[in-house]
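Descriptive analysis of the structure
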Amino acid sequence: MGSEHLLDVRDMELPEPLLRALPELESLLPGDYIRMLSHRDPLLLYSMLEAQGFGYKRRKDASGIYEILIWRAGDVAAEQAARA
């Protein structure tokens, strides 16, 4: 069974959140997903995710924090766990 990888970049300035996210992608095993928390919407990240074969969902909470859920495209278990 997969697991969640929490990547909290709320206190980081650009480009550090992106630099932290990219290597984390490579560590995902089947069923794993990343829950990234950020005070900014990482717009540059989304096209990189799509180009490298990852799916994602983003949402913004009432306090303005972005939560970006990331999984390998086609990994149904990871996507279901991330969306749960």
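Read on for a plain summary of the structure. Being a predicted model, the structure only gives us computed values, none of them experimental.

The next thing to look at is the pairing of strand 4 (residues 66-72). Walk down a regular strand and you will see the side chains alternate between the two sheet faces. Burial of strand 4 is extensive: six of the seven residues sit out of reach of the surface. Taken together, the five bridges between strand 2 (residues 33-38) and strand 4 define a ladder with antiparallel strand orientation. Within strand 4, the residue paired with Arg 35 across the bridge is Leu 69. Sheet topology places strand 3 (residues 54-60) next to strand 4; seven bridges connect them, and they run antiparallel. When the sheet's bridge partners are listed, Gly 55 is paired in strand 4 with Trp 71. Here strand 3 folds back onto strand 4, and the loop between the two strands holds five residues, one of which, Gly 64, carries a positive phi near 90°.

The next subject is the environment of Gln 52. Assignment of secondary structure puts Gln 52 in the loop between helix 2 (43-51) and strand 3. Counting along the chain gives 50 residues from Gln 52 to Gly 2, while the straight-line C-alpha distance between them is 20 Å.

Let us now look at the environment of Leu 22. Residue position: Leu 22 is located in helix 1 (residues 16-26). Once you skip the residues sitting within four places of it in the chain, Leu 22 turns out to touch Leu 45, Met 48 and Gln 52.

Conventions we followed
- Residues numbered from 1 in each chain as written.
- Predicted model: local features only at pLDDT ≥ 70, side-chain atom pairs only at ≥ 80, totals over all residues.
- Heavy atoms only, no water.
- Buried < 20%, exposed > 50% of the residue type's maximum accessible area, 1.4 Å probe, protein only.
- Helix = DSSP H or I, 4+ residues; strand = E, 2+ residues; numbered from the N terminus.
- Pairing = 2+ DSSP bridges.
- Contact = heavy atoms within 4.5 Å.

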